[in-house]
Number of protein chains: 2
Amino acid sequence: MNDFQDWARSQQQRIEARLHQLLPAPDIAPQRLHQAMRYAVLGAGKRVRPLLAFAAGELARARPERVAIAAAAVELIHAYSLAHDDMPCMDDDVLRRGKPTCHVEYDEATALLAGDALQSLAFQLLGEYRLTSDPAVQLDMVKLLAAAAGSRGMAGGQAIDLEAVGKALTVPELEFMHIHKTGALIRAAALLGARCGDGLDGKQLAQLDHYAKYIGLAFQVVDDVLDAEAPTATLGKTAGKDAQHNKPTYVSALGIAESKTFAEELRRDALAALDGFGEDALRLRQLADFIVLRKF
Amino acid sequence: MNDFQDWARSQQQRIEARLHQLLPAPDIAPQRLHQAMRYAVLGAGKRVRPLLAFAAGELARARPERVAIAAAAVELIHAYSLAHDDMPCMDDDVLRRGKPTCHVEYDEATALLAGDALQSLAFQLLGEYRLTSDPAVQLDMVKLLAAAAGSRGMAGGQAIDLEAVGKALTVPELEFMHIHKTGALIRAAALLGARCGDGLDGKQLAQLDHYAKYIGLAFQVVDDVLDAEAPTATLGKTAGKDAQHNKPTYVSALGIAESKTFAEELRRDALAALDGFGEDALRLRQLADFIVLRKF
């Protein structure tokens, strides 16, 4: 696992450096907007989606410098969604990644525009950089990321989440919500990383997609457990806010103990989806362990 | 000009029908989000950007059914920007295209998510449909639309606009703002329409871009004049709100008479940029007239 930590740290540094370069410089007009975009993205975050992209890229023997662009695009979408999700009309939160949220540090209008511009930038990267030998495959990657971000993906999941406040959801209903809200982008991260290479056939891409689906759900279940158990300082975001906001979670549906058991089952399902992959899937296996066993 | 009106009406019907099909159906989950997306896009609007795309497509001998997808993508970006721009933390407006604004009809969170999902859908269309014979050109179109929408395009222009409230801008400063806020997307509409065909070389695309730049500015100058002069009922949005919000406009910088003269100059510059194009540029010429001479 130490070896994994070294790998993860080096990939996190790689994506951080790349995001630093790819985001508009803070001294280019409109400065305040560019500063807010950088604030919303840089300097924090576990970079789980980029790690997944890099791990999937290794499996598909993709060039890491290409995967880094795809990973950056996914992370920009994720960061924009957090900036918007924290706004007063949504979750109205003040703390994110250990810092004041974007609209608190800047203002609501700037946070709104920064999120909007981060989404544009994500697609600009996919249009601008060469990520595959076949531009038609790259167009398919544009479609994949857009669908994952859109109304039948992440944004749709957030809408379902909004409607669920105050309701007691069943476990299948929770799953439906999370498959959209966080699962779609996590799956996109894995698939985009893999598609920067050409080492996987359609069946193997489907296996990877299954793996990512389980990982995405496991991530959410663990998130719910941590929100209920961990202190704010460790979490870097306001703890206990699910219960406070009366949001349905796995903890509220299953209890803490059963949620942990469920996360463990999902981890095993994720690993099983990688059956038949050899050593190249090492990082994906380790990532499954990391996501379920993490403490923050 | 009657002939132009027939043409414009038929293109408006074409884009309306296409948007109707391309937007997620209102009965697909999450229903409320999909309804809000459709509300923000359908049933109103002059569709100036699609008209430009179709006119540029004619010049480049592009297939209209391909141009319609590119035009829809641009219009989705435009519609998302209106939904966000009308929100309380931005312009806080209640009337748009003759109807309650999206956050008034639904709620702020839904308007925010609908805007976000409309942006994603725009890029999904460019990734999903075949618009050119060369996928590499189509990737360039993704980049073009993303850059036009982003922090150095439309979203950046809105940020500059926010910072300008209460200030007296010079005409060059106003121009800088509008070249971003509305100009970038108008230029993208023309260029995307043209790039669906392969009838134009680089020099001709640059001419078209110049035309669109002048048209974009003229559109804004006329918008400012109409905001100062036209009644709300004709305009379909709250009239007089620029002065009310203390926003710098061409009318506040130049006065109404000189603004009208300026719009006329821009129209002539736009037409001059089309020099050397033959009959295929007819619709572009007529569109320049329409944009400057419109009363709403």
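If you're wondering where the values come from, they're calculated on a predicted model, not measured in any experiment. (Residues numbered from 1 in each chain as written. Chains lettered and ligands numbered in written order. Predicted model: local features only at pLDDT ≥ 70, side-chain atom pairs only at ≥ 80, totals over all residues.)

### Thoughts on the overall build of chain A
Quick note on the threshold: Helix and strand labels come from DSSP, where a helix needs a run of H or I of at least four residues and a strand needs a run of E of at least two; each type is numbered from the N terminus. This radius of gyration counts C-alpha atoms alone. The globule rule is 2.2 Å times how many residues there are, raised to the power 0.38. Any residue whose C-beta has 12 or fewer other C-beta atoms within 10 Å is treated as exposed, any with 20 or more as buried, and any in between as partly exposed, C-beta atoms being built from the backbone.
If you tally the helices and strands in chain A, you get 15 helices and two strands. Scaling as 2.2 N^0.38, a compact globule of 296 residues should have a C-alpha radius of gyration of about 19 Å, and chain A matches this with 18 Å. With the C-alpha coordinates aligned to their principal axes, the bounding extent of chain A is approximately 50 × 50 × 35 Å. In chain A, which comprises 296 residues, the share counted as buried stands at 55%.

### Points about the relation of the copies chain A and chain B
For clarity, the threshold we go by: When the copies are overlaid, the least-squares fit takes in C-alpha atoms only where the residue has pLDDT of at least 70 in both copies.
Structural alignment of chain A on chain B gives an RMSD of 0.0 Å, achieved by rotating through 180 degrees and translating 0.0 Å along the axis. Here the transformation between the copies is reduced to the relation of a two-fold axis. Within chain A, the C-alpha atom positioned nearest to the axis of rotation is that of A:P135, 2.8 Å from it.

### Remarks on the environment of B:P100
Residues and elements named next belong to chain B. Selection criterion: Placing a C-beta atom from the backbone of each residue, one calls two residues in contact when those atoms lie within 7 Å.
Tracing the chain through its elements places P100 in strand β2 (residues 99-100). Given 15 C-beta atoms within 10 Å, P100 falls into the partly exposed group. Distance from P100 to A40, taken between C-alpha atoms, is 10.0 Å for residues 60 residues apart in sequence. Those residues in contact with P100 that lie beyond four places of it in its chain are V94, L95 and E105.

### Focus: the environment of A:A25
Residues and elements named next belong to chain A. Tracing the sequence through the fold places A25 in the loop between α1 (2-22) and α2 (31-41). Residue A25 is classed as exposed on the basis of its 11 C-beta neighbours within 10 Å. C-alpha of A25 to C-alpha of D93: the two residues are 68 residues apart in sequence and 27 Å apart in space.

### Quick look at the interface of chain A and chain B
Our working rule: We call Asp, Glu, Lys and Arg charged. Ala, Val, Leu, Ile, Met, Phe, Trp, Tyr, Cys and Pro are nonpolar, and the rest, Gly among them, are polar.
With 45 residues of chain A in contact, the opposing surface of chain B contributes 44 residues. Take the side of chain A that touches chain B: its biggest share by element is 15 residues, from helix α6 (residues 108-128) of chain A. A breakdown of the residues in the side of chain A that touches chain B according to their chemical character gives 25 nonpolar, 12 polar and eight charged.

### Side note on the nonpolar core
Rules: Under the definition applied here, buried Ala, Val, Leu, Ile, Met, Phe, Trp, Tyr and Cys residues are grouped into a nonpolar core through C-beta atoms within 7 Å.
Judged by nonpolar contacts, the single largest core of 204 residues is most densely connected at A:L145, A:A218, B:L145 and B:A218. Contact partners of B:L145, with chain neighbours within four places excluded, come to B:A73, B:V74, B:I77, B:A122, B:L126, B:A188 and B:L192.

### Digging into the packing of helix α3 (residues 48-59) of chain A against helix α15 (residues 282-293) of chain A
Helix-helix packing is characterised by the crossing angle of the two axes and by the distance between the axes. Residue and element names in this part refer to chain A. Let me state the cut-off plainly: The axes are straight lines fitted to the C-alpha atoms, using for helices just the contacting stretch, and the angles between their N-to-C directions are given from 0 to 180°. Here the word oblique covers every angle except those under 35 degrees (roughly parallel), over 145 (roughly antiparallel) and from 65 to 115 (roughly perpendicular).
Put simply, α3 and α15 touch, their axes get as near as 9 Å, and they point 155 degrees apart. With respect to their mutual orientation, α3 and α15 come out roughly antiparallel. On α15, the residues touching V48, L51, L52, A55, A56, E58 and L59 of α3 are R283, L284, L287 and I291. Considering only residue class, the contact of α3 with α15 consists of nine nonpolar, no polar and two charged.

### Looking at helix α7 (residues 135-149) of chain B
We apply this condition: Multiply 1.5 Å by the residue count of a helix minus one, and that product is the helix's expected span.
Over its 15 residues, α7(B) extends 21 Å from the first C-alpha to the last, a length consistent with the 21 Å expected when each residue adds 1.5 Å. Every buried residue of α7(B) is listed here: B:Q138, B:L139, B:M141, B:V142, B:L144, B:L145, B:A146, B:A147, B:A148 and B:A149. Turning to α7(B), the residues buried within the fold contact α6 and α7 (135-149) of chain A together with α4 (64-85), α6 (108-128), α8 (154-164) and α9 (171-195) of chain B.

### Structural notes on the confidence of the model for chain A
This is how it is decided: Per-residue confidence from the predictor is given as pLDDT, running between 0 and 100.
Of the residues in chain A, 96% have a pLDDT of 70 or more, and the chain-wide mean is 93. Two numbers describe this predicted complex: its pTM, 0.96, and its ipTM, 0.95.

### Side note on unusual backbone geometry
When glycine is set aside, most residues are seen to have a negative phi, and most peptide bonds are trans. Residue and element names in this part refer to chain A. The amide bond that connects A29 to the next residue, P30, takes the cis arrangement and shows omega of -5 degrees. Relative to the assigned elements, P30 resides in the loop between α1 and α2. If you check the backbone angles, D92 has positive phi at about 50 degrees while not being a glycine.

### Details of the environment of A:A56
Residues and elements named next belong to chain A. Topologically, A56 is positioned in helix α3. Each C-alpha atom of the pair A56 and L205 lies 9.7 Å from the other, and the pair is 149 residues apart in sequence. For A56, the contacting residues outside a window of four places in its chain are A190, G193, A194, L208 and L284.

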